[in-house]
Structures are given as structure tokens and as C-alpha cells.
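One-letter residues, chain by chain:
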Amino acid sequence: MHRRELPSGPWEDLAIDFLGPLPEGQFLFVVVDLYSRYFEVCEMETITAESTIRELTAMFSRFGVPLTLTADNAPQLTKDCEEFSQFCSNYGIKLINTIPYWPQMNGEVERQNRTILKRLRIAQELGQDWRKELQKFLLSYRASNHTTTGRSPAELMFGHKIRTKLPQISRSILEDEAMRDFDRINKEKGRQYSDQRRGAQESGIKKGDIVLTKRMKKENKLSTEYVNEPFIVRSKVGADTCIESMETGKTFRRNAAHLKKVEDNNDQVNLNNSNQEQESLNTPECLTYPLNTTNEQATDPQPEDEQAGPSKGRKRAEPSWFSDYVPHFIKKG
């Protein structure tokens, strides 16, 4: 597992995602600040590039323009969307799209989505207004200390704690270095625990290797785990790997966990030679059959003492407690 370094300040690196659709057909647009873990949530009827740009522009007017935006591969959020790509270019924002089929790369916003969804389900089950309950949850979340940073999202975002219904003693001065140490320690603990639980190991794939890629969509139960098409690794940064098809020349972006290294030519030649040798040994000319000892033993003449009478064995004796036993019949002489 590779952990992302903490940004240098609040509202510099953002992660965005959509949550929905909800029962009434609307979506929630979630924007998370990767430094403070402070996030904004707004309700949207449509999730087109135009409506997304409108909501982001409103947020930028309140908090400023970030340096980067991390998004998944939704059509309206990728670099291939001319409207959204031009919007980021006009504001000087670097757009980062996650690796396909690897949502963990945008894990912070994915985690917040699960938390929001859990709160909405509770409100739905209790027959409460989910919009009001969402706002109450946001106030509580922003004022509570985060488990990773040890500080509240609002404190890291604005430089001071926000007031809630709970009484407060005083406002402490923000100590950024202590927060960074706390964040680093907890991230390392999480990484070690996750790697141990999953049995994760360093990927041995490097630039120039021949690999197979995992089949993401299986047609049926008989589909193989990996696509029967060789790829060559063109570049690799961490787990982010760029591969090129050796048949069509098309390039793809995949996580190293979805790739399987193909053995080199020497290993393949040795494997083929060993298979050929095994096949040659299995030919009728090279097969050596064991002697049929059973038939020979049956045809060999037996010694005279073995031919006469039953075979010798251990002497059987009745137990002593049968000495006073009287059988049910008596043979008369």
C-alpha cells in the first residue's frame, strides 16, 4: 500500500466524487480537502459537467482555488471531457484521474461517501428529514477530532475550532508540526495493518517486463482470470503502471496489483524442453513396466509342506474364562 503525503496546507488538494442516486433521483456532490479532511456536500439534480462546474465555482468563491483535483473516471470528470478540462485549465488546477478499476486511489472521498450514506440510511429508517440530519452530521463531524490527524477538520481548515452546543474551555493555538507527526504515525499504522491483513508484497514488475492484465469484466464462469494478450510495461510510478499491447499497440493505465508478470524467454525455453523430455519418456519405447509378481507367485510351485494342509499361522487358544463354558450341544461318541 502506498500512502499519499499530507498537503502543505488546507484547500490545496481536493478529491471529488458523486454519491447517488438517492430515492428521489438526486445526487450528492462531495468535495474533500485532503489536508484537513473537511468536506463540502451539495445536492444536485443532474451531474453533468456544466452543473459540476457551477457547484465548484461557488465553493471556490468561499474557500479559494485549489492546486489539484482528484476524481475518478466518470465521463464528465476526466481529461477527455473538453468542458471540464478547460475549466481546470482556466483556473490553473491540475486534474488527476484515478487508475481505472482502482477506487482506493481516491479512498478519502470514498470513505466519506460511506459515512454519509450510513447517516442517510439511519434518517430514512427513522422517518426523519435526511437533509436536516445531514446538516447536523456535518456540524458534528467538522467539530470533532479526526482519528488520523488528531485535530478537528474545521480547526485545520480555518485555524480555530468552531462552536457547537457543547461547552468549550478555550481555543488552542494550532500546532501544525504535531498534527503532521500524528497523521504520519497513524497512516503508517494503517498501512502496516492493511499490508499484513492482505498479505501484500512489493510488486516485482518493472519497466520493460512482459505482463498479462486481469480481466475486469468476465463474460461467463469459464472466462479466465487474465486476458490472453501480452502487454509490455512502458512506465511505472509506484503502483501506477502504463502498459502497451504487443498486438494492437494501444496503451492502458492499470494498477500493478492487476498485472501478472510473464516468465522470461529462458525460463520458457527450459520449461518447453522439460515438457518435451517428459513426453519422450512417456513413449511406449521408454516405458518400463513392473513385473507381474502376483501371477508369477501364483504359477510357482509351492513347497510340499505348504501344499499339504492349511497355511501355517499363529496358534489360536481360547481365553481362560471359557474353560467352564458348556456348549449348547454335546457330541456323543
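Data block above holds the structure.
The following paragraphs examine the structure supplied in this document. On a predicted model such as this, the values are computed, not experimentally measured, just so you know. (Residues numbered from 1 in each chain as written. Predicted model: local features only at pLDDT ≥ 70, side-chain atom pairs only at ≥ 80, totals over all residues. Heavy atoms only, no water.)

### Topic: the overall build of the chain
Stated formally: A helix here means a DSSP run of H or I that spans at least four residues, while a strand means a run of E at least two residues long, and both kinds are numbered starting from the N terminus. Burial classification: accessible surface area is computed with a 1.4 Å probe over protein chains only, and a residue below 20% of its type maximum counts as buried, one above 50% as exposed, and the rest as partly exposed. Two residues form a contact once any of their heavy atoms are found within 4.5 Å. Residue-level accessible areas treat just the shown protein chains as cover; the underlying method is Shrake-Rupley with a 1.4 Å probe.
Each helix and strand in the chain was counted, giving 9 helices and 10 strands. For the chain, with 333 residues in total, the buried portion stands at 32%. Considering only residue pairs separated by 6 or more positions, the chain has 56% of its internal contacts joining residues 24 or more positions apart. If you sum the accessible surface of the chain, you get close to 23,300 Å²; carbon and sulfur atoms cover 51% of it.

### Examining the packing of aromatic side chains
Put simply, the rule is: Ring pairs are drawn from Phe, Tyr and Trp, using the six-membered ring of Trp, whenever the two centres fall within 6.5 Å, and their geometry is named by plane angle: stacked under 30 degrees, edge-to-face over 60, tilted for the rest.
All chains considered together, the criterion is met by 12 aromatic pairs. Judged by centre distance (4.8 Å) and plane angle (50°), the rings of Phe39 and Tyr141 are tilted. Of this pair, Phe39 sits in strand E3 (residues 39–44) while Tyr141 sits in helix H4 (residues 130–143); the two residues are 102 residues apart in sequence, bridging distant segments of the chain. Here the aromatic cluster, defined as three or more aromatic residues joined through ring pairs, consists of Trp11, Tyr38, Phe63 and Phe158.

### Details of the environment of His258
Residue placement: His258 occurs in the loop between strand E9 (251–255) and strand E10 (259–261). The spacing of His258 and Trp102 is 156 residues in sequence and 9.3 Å in space, taken between C-alpha atoms. Other than its neighbours up to four places away in sequence, His258 contacts Tyr101, Trp102, Leu212, Thr213, Lys214, Met216 and Tyr226.

### A look at the nonpolar core
Put simply, the test is: For this analysis, a nonpolar core means a set of buried residues of the types Ala, Val, Leu, Ile, Met, Phe, Trp, Tyr and Cys, connected via side-chain atoms within 4.5 Å.
Counting 25 residues, the largest nonpolar core has Ile16, Phe29, Val31, Leu56, Leu69 and Phe84 as its most contacted members. Examining the composition of this core, we find that 5 residues originate from one element, helix H1 (residues 49–63), more than from any other. Setting aside chain neighbours within four positions, we find Ile16 in contact with Phe29, Val30, Val31, Leu56, Leu69, Thr70, Ala71, Leu77, Phe84, Asn106 and Val109. Among the nonpolar cores identified, the runner-up in size contains 18 residues, and Leu19, Val32, Ile116 and Ala123 belong to it.

### Things to note about the sheet that holds E9
For the record, the criterion: One bridge is not enough; two strands pair if DSSP finds at least two bridges between them. The axes used here are C-alpha line fits, helices contributing only the stretch in contact, and every angle between their N-to-C directions lies in the interval 0 to 180 degrees.
Across the sheet, 5 strands lie side by side as E9-E8-E7-E6-E10; this open sheet has antiparallel pairing. Edge positions in the open sheet fall to E9 and E10, since each of these has one partner strand only. The mean angle between the axes of side-by-side strands here comes to 45°, regardless of whether they run parallel or antiparallel. The pairing of strand E6 (residues 210–213) with strand E7 (residues 231–237) spans 2 bridges and is antiparallel. Pairing of Val211 across the sheet is with Phe231, part of E7.

### Some remarks on the pairing of strand E8 (residues 240–245)
Judged by which residues are buried, E8 turns out to be one-sided: Thr241, Ile243 and Ser245 face inward and are buried, whereas Asp240, Cys242 and Glu244, on the alternate face, are not. Across 6 bridges, E7 lies against E8 in antiparallel orientation. Looking at E8, one finds that Val237 is bridged to Asp240. Hairpin connection between E7 and E8: a loop of 2 residues separates the two successive antiparallel strands, and Gly238 in this loop has a positive phi of roughly 65°.

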